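Residue-level listing of the chains:
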Amino acid sequence: MSSFVYDALPMRVVFGSGSLARVADEVERLGLQRVLVLCTPQQRELADQVAELLGNRAAGVFDQARMHVPVETVEAAGTVAVDLEADGWVAAGGGSTIGLGKALALRTGLPVVAVPTTYAGSEMTPIWGLTQDGRKKTGRDRSVLPHTVIYDPDLTLSLPPSVSATSGLNALAHAVEALYAPDVSPVVSAMAEQGVRDLAAALPLIAADPGDSAARAACLQGAWLCGACLGSTTMGLHHKLCHVLGGMLDLPHAETHAVVLPHVAAYNLPAAPSAAAALNRALATDDAAAALAYLGSRLDVPPGLRDLGVAASDLPRIAAEVLAHPYANPRPVTGPDLETLLHTAWKGRT
Ligand SMILES: NC(=O)C1=CN([C@@H]2O[C@H](COP(=O)(O)OP(=O)(O)OC[C@H]3O[C@@H](n4cnc5c(N)ncnc54)[C@H](O)[C@@H]3O)[C@@H](O)[C@H]2O)C=CC1
Ligand SMILES: O=C(O)/C=C\C(=O)CC(=O)O
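The structure presented is a predicted model; accordingly, all values stated were derived computationally and were not measured.

Asks: Which residues make up the UniProt feature "domain: Alcohol dehydrogenase iron-type/glycerol dehydrogenase GldA" (unreviewed entry) in the protein, and what values go with them?
Replies: Mapped onto this structure's residue numbering, the UniProt feature "domain: Alcohol dehydrogenase iron-type/glycerol dehydrogenase GldA" (unreviewed entry) falls at residues 10-153. Within residues 10-153, the helical portion is 31% and the strand portion 28%, while the C-alpha atoms at the span's ends are 22 Å from each other.

Below, the structure written as structure tokens:
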């Protein structure tokens, strides 16, 4: 590649076991006096720990973050923040909680400190999502990019093996699509290849022993790299399919990515030789799509879309919506091709 554009995203990263202890210093560094700590109901204990570490810089905890960022949740959190005179957000959790922080940043311009506890990678992207009246909108805006990200692998030790697996494959999908994106660059390719290598090696170790600290650190580092790839490139067919499946059928985000990824890879990689070569190196294979499918089976991810509750009769309207608003893709997507791909993903591995 002789000419390219790489738009670097400004980001401070604090990485390492025990780094959560630095949250107060990081908030102080940004000049914030009263931050609202965000979490899901399931991660209240973590949020309380963060608030305790923040001491008088914590305005309070809002514990109602939900997947796909419903607009009502953003409004409720915004009201609490105004009442408490909050001047920033600490989002402690997975993509749902960080997504709430980003939606609040978009509305208020107040900065986010992200403390990721899954491998979704949202903390590395300027992509926001918001769901209103059953429709999810997404967009890109630099104002939602967290100012600081604290990656503490200790916080991922509690992530169940099944969620670790699907979340890790969600991260891998960012790297796969970045490698054949129209705006890929050598910097992104290097990050993507290393991210895939880290995650593919460490995810099976976590499946065998969720308490493996070294594997947890490797996965979080891989997720960081893959998230950064997503943040710097245009998404393709895989992300489009997952957005439509998630939005129209309310499917779980990470599981949908995990099921669909090998099928889109098998479709796209023959048309994207340098992406295929990078993935083959990272996965130590000569057939990256098959290696991704095998990784999913080793990690016990659900075999097919039908296992996520999709009916065969749903597939035509999914295909129609994907074709109506296509994303950039290395291989042209025709109706019959898409129907075959969706049907294969629906049936899944047998
Ligand atoms: N804007 C972006 O760039 C991106 C956004 N996303 C968005 O993120 C959302 C999905 O995020 P995910 O991280 O997949 O799921 P999530 O944030 O919904 O977490 C799944 C569940 O696991 C729990 N959990 C999280 N970390 C845990 C831990 N360490 N231990 C125990 N439980 C834990 C959560 O409380 C939640 O109940 C979707 O809405 C998706 O659209 C995902 C990737 C990129
Ligand atoms: O699909 C993904 O993993 C990446 C981006 C999003 O999920 C954007 C969003 O809907 O928040």
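Asks: Residue-level account of the pairing of strand β6 (residues 127-132), with values.
Replies: The element β6 is largely enclosed, with a buried count of five among its six residues. Linking β6 back to strand β7 (residues 135-140) in an antiparallel pair, the connection comprises two residues, with aspartate 133 at a positive phi of about 50 degrees.

Asks: Just give me the short version of the domain arrangement of the protein, but keep the residues and values in it.
Replies: When the parts of a complex come together, some accessible area is lost, and that lost area is often used as the size of the interface. With domains assigned, the protein is organised as domain 1 (12-156) and domain 2 (161-347). For the domain 1 and domain 2 pair, buried surface summed over both sides reaches about 1,800 Å², with 64% attributable to carbon and sulfur atoms. Where domain 1 packs against domain 2, one counts zero salt bridges. Partitioning the side of domain 1 that touches domain 2 into residue classes produces 10 nonpolar, six polar and three charged.

Asks: Tell me about the sheet that holds strand β2 (residues 35-38), and please be specific about residues and values.
Replies: Pairing is parallel across the open sheet formed by six strands, whose spatial order is β1-β8-β5-β4-β2-β3. Where the open sheet ends on each side, the last strands, each with one partner, are β1 (12-15) and β3 (58-62). Mean inter-strand twist for the sheet, computed between neighbouring axes without regard to direction, equals 15 degrees. In the sheet, β1 pairs with strand β8 (residues 148-151) via four bridges, with the strands oriented parallel. When the bridges of β8 are listed, arginine 12 appears paired with threonine 148. This element, helix α2 (residues 44-54), spans β2, β3 and β4 (88-93) of the sheet and lies at about 175 degrees to β3. Seen against the sheet, helix α4 (residues 95-108) touches β2, β3, β4 and β5 (112-116) and runs at an angle of roughly 165 degrees to β4.

Asks: Tell me what's going on with the site of ligand 1, and back it up with residues and numbers.
Replies: Surveying the vicinity of ligand 1 reveals 22 residues, the closest of which are Thr40, Ser96, Thr117, Thr118 and Thr125. Contacts to ligand 1 include threonine 125, whose side-chain N or O atom sits 2.6 Å from an oxygen atom. Leucine 159 has a polar backbone atom sitting 3.4 Å from a nitrogen atom of ligand 1. When isolated, ligand 1 has an accessible area of 860 Å², and the protein chains bury 85% of it.

Quick notes on the rules
- Residues numbered from 1 in each chain as written.
- Chains lettered and ligands numbered in written order.
- Predicted model: local features only at pLDDT ≥ 70, side-chain atom pairs only at ≥ 80, totals over all residues.
- Heavy atoms only, no water.
- UniProt positions renumbered as here; feature names shortened; annotations may be inferred.
- Helix = DSSP H or I, 4+ residues; strand = E, 2+ residues; numbered from the N terminus.
- Buried < 20%, exposed > 50% of the residue type's maximum accessible area, 1.4 Å probe, protein only.
- Pairing = 2+ DSSP bridges.
- Domains from an automatic or database assignment.
- Buried area = accessible area lost by both parts, 1.4 Å probe.
- Salt bridge = Lys/Arg side-chain N within 4 Å of Asp/Glu carboxyl O.
- Nonpolar A, V, L, I, M, F, W, Y, C, P; charged D, E, K, R; others polar.
- Axes fitted to C-alpha atoms, helices over the stretch in contact; angles between N-to-C directions.
- Contact = heavy atoms within 4.5 Å.
- Near = heavy atom within 4 Å.
- Polar contact = N/O pair within 3.5 Å; in protein donor to acceptor, adjacent residues only side chain to side chain.
- Areas by Shrake-Rupley, 256 points an atom, 1.4 Å probe, with all protein chains shown as cover.

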